[in-house]
Amino acid sequence: MEIMKVEDLCKTYGMGEAKVEALKHVSFTLEKGEFAAVVGESGSGKSTLLNCIGALDEPTGGKILLDGQNLFAMKEEERTIFRRRNIGFIFQSFHLIPELNVEQNIVFPLLLDYKKPDVCRVNEILEVLGLQERRKHLPGQLSGGQQQRVAIGRALITKPKLILADEPTGNLDRKNSQDVMELLRKASRHYQQTILMITHNPNLITSLDRVMRVSDGILTDLGGNVNETLS
């Protein structure tokens with residue numbers, strides 16, 4: 001089932017000689033439960049793409065449909081609420097609230113939406129992420145890998161239509177990077193969670209459902225199980 005459709009997406013910054021075309025007529029779709037990655041060098045346009053899909057930046061042209069809803073046909077307040085309920089974010093720098101413990105950080109998006117957390121789901125997520133013994137710990141008492149697990153839990157708790165992962169292993173060592181990638185794969189399988197990740201690290205994208213490359217604002221679909229194609 002198609003969960004997201006990006007159609008003829010363009011993003012331009014500046015005018016005249018200073019004009020930069022960050023995205024050039026990008027189109028692709030994602031199926032429910034698909035784990036896809038966008039790779040590209042710094043400045044290629046992959047972060048701009050993620051920000052537009054996450055409704056954090058408005059495209060110059062084109063459409064983004066999430067579960068049939070046109071993100072940029074909505075009014076700003078409506079789009080903000082829709083984003084909070086339907087898109088989860090995992091950032092390179094974790095962005096946890098230091099005064100809240102693990103469990104509180106995970107359920108925080110629900111509290112923002114005045115929803116009561118489902119205790120069973122919270123416990124299940126803590127178990128899947130291996131955080132049961134750390135549920136009352138503050139972020140400052142956790143390793144980087146553990147903090148990123150909390151960020152994954154926070155992204156999963158609202159049962160979003162889409163999770164956007166922005167260089168989710170960028171601040172982690174090799175072992176923790178592998179662990180985080182395995183947890184994301186597990187979330188994709190266990191919850192049928194659709195995930196779109198951006199990275200500049202080709203070692204992270206083996207065995208994903210699909211890999212796309214952005215170069216100079218142009219997206220190319222490389223298919224699945226990409227290895228030597230990126231070398």
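Further up the page is the structure itself.
Because the structure is a prediction, the values reported are computed rather than measured.

The rules we used
Residues numbered from 1 in each chain as written. Predicted model: local features only at pLDDT ≥ 70, side-chain atom pairs only at ≥ 80, totals over all residues. Heavy atoms only, no water. Helix = DSSP H or I, 4+ residues; strand = E, 2+ residues; numbered from the N terminus. Polar contact = N/O pair within 3.5 Å; in protein donor to acceptor, adjacent residues only side chain to side chain. Contact = heavy atoms within 4.5 Å. Axes fitted to C-alpha atoms, helices over the stretch in contact; angles between N-to-C directions. Left-handed = near helix turned anticlockwise from the far one by under 90°. Nonpolar A, V, L, I, M, F, W, Y, C, P; charged D, E, K, R; others polar. Pairing = 2+ DSSP bridges. Phe/Tyr/Trp six-rings, centres within 6.5 Å; stacked < 30°, edge-to-face > 60°. Lys NZ or Arg CZ within 6 Å of the ring centre and 35° of its normal. Salt bridge = Lys/Arg side-chain N within 4 Å of Asp/Glu carboxyl O. Buried < 20%, exposed > 50% of the residue type's maximum accessible area, 1.4 Å probe, protein only.

S.K.: Sorry, what's going on with the side chain of arginine 210 here?
M.R.: Examined against the element boundaries, arginine 210 turns out to sit in strand β9 (residues 210–215). One polar contact links the side chain of arginine 210 to the main-chain carbonyl oxygen of threonine 29, over a distance of 2.3 Å. Ignoring anything within four residues of it in the chain, the contact list for arginine 210 reads Phe28, Thr29, Leu30, Glu34, Phe35, Ala36, Ala37, Asp221, Gly223 and Gly224.

S.K.: What is the right way to look at the packing of helix α3 (residues 102–112) against helix α5 (residues 144–156) in this model?
M.R.: Packed helices, taken two at a time, are described by the angle their axes make and the gap between the axes. With their axes 7 Å apart at the nearest point, α3 and α5 run at an angle of 30° to one another. Like other packed secondary-structure pairs, α3 and α5 cross with a definite hand, here right-handed. Contacts from Val102, Asn105, Ile106 and Pro109 of α3 reach α5 at Val150, Gly153 and Arg154. Taken together, the residues of the contact of α3 with α5 break down into four nonpolar, two polar and one charged.

S.K.: Explanation requested: the sheet that holds strand β7 (residues 162–166) in the structure shown.
M.R.: Paired through backbone hydrogen bonds, the strands of a sheet run either parallel or antiparallel to each other. The strand order across the open sheet formed by six strands is β6-β7-β8-β3-β9-β10, and the pairing between neighbours is mixed. Of all the strands in the sheet, just β6 (87–90) and β10 (218–223) have a single pairing partner and so form its edges. Strand after strand, the sheet turns through a mean of 20° between neighbouring axes, direction not considered. As paired strands, strand β3 (residues 35–39) and strand β8 (residues 195–199) are joined by five bridges and run parallel to one another. Following the sheet pairing, phenylalanine 35 is matched in β8 by isoleucine 195. Along the sheet face, helix α2 (residues 76–86) touches β6 and β7 and points at about 70° away from the line of β6. Strand contacts of helix α6 (residues 174–190): β3, β6 and β8, with the helix running at about 135° to β3, the strand carrying the most contacts.

S.K.: Where do I start with the sheet that holds strand β2 (residues 20–31) in this structure?
M.R.: Spatial strand order, β2-β1-β4-β5: four strands in an open sheet with antiparallel pairing. Strand pairing shows two members of the sheet lacking a second neighbour, β2 and β5 (69–70), which therefore form its edges. Bridge analysis of strand β1 (residues 2–13) against β2 gives eight bridges, and the strand direction is antiparallel. Bridging from a neighbouring strand, leucine 9 pairs with valine 26 of β2. Relative to the sheet, helix α1 (residues 46–53) contacts β1, β2 and β4 (61–66), its axis offset from that of β2 by approximately 60°.

S.K.: Before we go on, may I ask you to explain the packing of aromatic side chains in this structure?
M.R.: The geometry of two aromatic rings is summed up by the distance between their centres and the angle between their planes. Enumeration over the complete set of coordinates arrives at one aromatic pair. Pairing phenylalanine 89 with phenylalanine 91 gives two aromatic rings, centres 5.8 Å apart and planes at 5°, and the pair type is stacked. Residue placement shows arginine 121 over the ring face of tyrosine 191; its charged tip is 5.0 Å from the ring centre.

S.K.: Looking at this structure, I do not really get the pattern of salt bridges. What am I missing?
M.R.: A side chain of one charge can pair with a side chain of the opposite charge if their charged atoms are brought near each other. Inspection of every chain in the model, using the stated rule, returns 14 salt bridges. The salt bridge partner of lysine 136 is glutamate 103, with a shortest N-O separation of 3.3 Å. Placement of lysine 136 in the loop between α4 (119–128) and α5 and of glutamate 103 in helix α3 is noted, with a sequence separation of 33 residues between them. Here lysine 136 falls in the exposed class, since its relative accessible area comes to 57%. A salt bridge links lysine 175 to aspartate 179; the shortest N-O distance between them is 2.8 Å. Taken as a pair, lysine 175 and aspartate 179 lie in helix α6 at a separation of four residues, close to a single helical turn. Given the relative accessible area of 21%, aspartate 179 is considered partly exposed. Sharing partners across several salt bridges, the network here consists of Arg84, Arg85, Asp113 and Lys115.

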